[in-house]
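Survey of secondary and tertiary structure
What follows is the residue order along each chain.
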Amino acid sequence: MNTPIDRAACEQMDALDSLAHLRDDFILPEGVIYLDGNSLGARPKASLERAQQVIAHEWGNDLITSWNTAGWFDLPSTLGNQLAPLIGAAKNEVVVTDSTSINLFKAIAAALEIQSADPQRKIIITERSNFPTDIYMAEGITRWLDHGYQIVLIDTPEELASVVNEHTALVMLTHVNYRTGYLHDMAAVTRLIHAHGALALWDLAHSAGAVPVALNAAEADFAVGCTYKYLNGGPGSPAFIWVPEKHQAHFHHPLSGWWGHTSPFAMNPGFTPTPGIRRALCGTQPMVSLALVGCGLDTFGKTDMPTIRQKSLALTDLFIQLVEQRCASHPLELVTPRDHAQRGSQVSLRHPHAYAVIQALIRHGVIGDYREPAIMRFGFTPLYVRYTDVWDAVESLRTILDTQDYDANMQRNAVT
Ligand SMILES: *Cc1c(COP(=O)(O)O)cnc(C)c1O
């Protein structure tokens, strides 16, 4: 497996790549190798024309009639249905709306209300290494409810088996860890959680569009996720929430705004939630931003997740192999699991001067990012990253490390 590889071999892999043509769906600046699609996906070419259409035509010409005639009112569910197959959800189980943080709030609140029938279930379990906003949202709810809920942070995935018990209300996990790229076995972990009567909430921020997800097959309870990462929806594009049919009738969240009402335009003073997934909505959605989510999803309609997964693993395997062969003399430590079954679509490397090295790479046109502590993070989006990009990125990394062409004492930007 570890026979030395050269750039010509990577060119050959690009020539044989059945997804290569999908790169044409995206705008990528000349001379840039973009390995940060796990943070902000690249721009679909179609999104500019779609924005023009929404702004000039739907808003400019048709004004308020577009809520009906352009499908604006239905758009959260239209897009939810388009997204559903990517995450193993059924029709009418997903809406695209609000932010991931806000959708976490709704899902946590609804789960705690379901579990309140059993007053001994007061524990929410999550990982210390989870994305901070997930933990912060749980903290906010437990503090505000003031019903004795506690958050328990586990330090390894294995620890869950010894911590989950009859006091657990909810286990809230991120399917692919944003920092390490560790991928949970969703079905097995959900089974473990259910065996103790707890509910399973999955955050798919780094899985939707990156790895195959089978929410219904895993019998998960709730899920949320971003559309601006691997789904290429645009900066700050609305997130999604999945509530399976089995939970919809008893899904109640406190952000009970009029978009979740059974007949919003009846303008009744009392709240009656709509029977279906739209009860997960709160209020009026940002139509310009929401519309662009469709452009990102359209590209996924031209392929399927198993094909994307195959290329994703080939790209991350290649990156790991080249780093180990060509940067072997440098203190780089692989943080991401080698085991395919435990790897998302990113590779994280620890280096003592990780922040400075990432900044030097960005100067060389290779865009990855930095995450605490001392981790360089490289995301591989199979829709537009080429095998030669992997080669060229590792060559830039090797050159920077060999020549120590980075400033170890540099000041950090606000967004790393
Ligand atoms: C990116 C990410 C978020 C982002 O949440 P926002 O509300 O969009 O800021 C949340 N959770 C995880 C796990 C993420 O990776």
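Heads up: these notes are all about the structure in this document. For clarity, every value in this text was computed on a predicted model and none was experimentally measured.

1. What to know about the overall build of the chain
A tally of regular secondary structure across the chain gives 13 helices and 15 strands. Its C-alpha atoms give the chain a radius of gyration of 22 Å, within 12% of the compact-globule value 22 Å for 416 residues. Along the first, second and third principal axes, the C-alpha set of the chain runs to 70 × 60 × 40 Å. Per-residue burial over the chain gives 54% buried out of 416 residues. Surface exposure of the chain reaches about 17,600 Å², of which carbon and sulfur atoms provide 55%. In the chain, 30 positive and 43 negative side-chain charges are present, and the distance between their average locations comes to 1 Å.

2. Topic: the sheet that holds strand 4 (residues 94-96)
Within the open sheet, the 7 strands sit side by side as 4-10-9-8-7-5-6. Their pairing is mixed. At either end of the open sheet lies a strand with only one pairing partner, and these are strand 4 and strand 6 (150-154). Here the strands of the sheet are splayed against their neighbours by 15 degrees on average, with no regard to which way each runs. With 5 bridges connecting them, strand 5 (residues 123-127) and strand 6 associate as parallel partners.

3. Concerning the site of the ligand
Every one of the 13 residues lining the ligand counts as a neighbour, but Ser-101, Asp-134, His-206, Tyr-228 and Lys-229 are closest to it. Contact between the ligand and His-206: an oxygen atom at 2.9 Å from a side-chain N or O atom of the residue. The set of elements that each furnish at least two residues to the shell around the ligand consists of helix 5 (100-115) and helix 6 (132-145). Classifying every residue of the shell around the ligand by side-chain character gives 4 nonpolar, 6 polar and 3 charged.

4. Regarding the sheet that holds strand 14 (residues 369-371)
With antiparallel pairing, 4 strands are arranged side by side in an open sheet as 11-12-15-14. Looking along the sheet, the strands with just one partner apiece sit at the ends: strand 11 (333-334) and strand 14. Pairing between strand 12 (residues 346-350) and strand 15 (residues 375-379): 5 bridges, direction antiparallel. For Leu-349, the partnering residue across the bridge sits in strand 15 and is Met-376.

About the cut-offs
- Residues numbered from 1 in each chain as written.
- Predicted model: local features only at pLDDT ≥ 70, side-chain atom pairs only at ≥ 80, totals over all residues.
- Heavy atoms only, no water.
- Helix = DSSP H or I, 4+ residues; strand = E, 2+ residues; numbered from the N terminus.
- Rg over C-alpha atoms; globule rule 2.2 N^0.38 Å.
- Buried < 20%, exposed > 50% of the residue type's maximum accessible area, 1.4 Å probe, protein only.
- Areas by Shrake-Rupley, 256 points an atom, 1.4 Å probe, with all protein chains shown as cover.
- Lys, Arg positive; Asp, Glu negative; His and termini not counted.
- Charge placed at Lys NZ, Arg CZ, Asp CG, Glu CD.
- Pairing = 2+ DSSP bridges.
- Axes fitted to C-alpha atoms, helices over the stretch in contact; angles between N-to-C directions.
- Near = heavy atom within 4 Å.
- Polar contact = N/O pair within 3.5 Å; in protein donor to acceptor, adjacent residues only side chain to side chain.
- Nonpolar A, V, L, I, M, F, W, Y, C, P; charged D, E, K, R; others polar.

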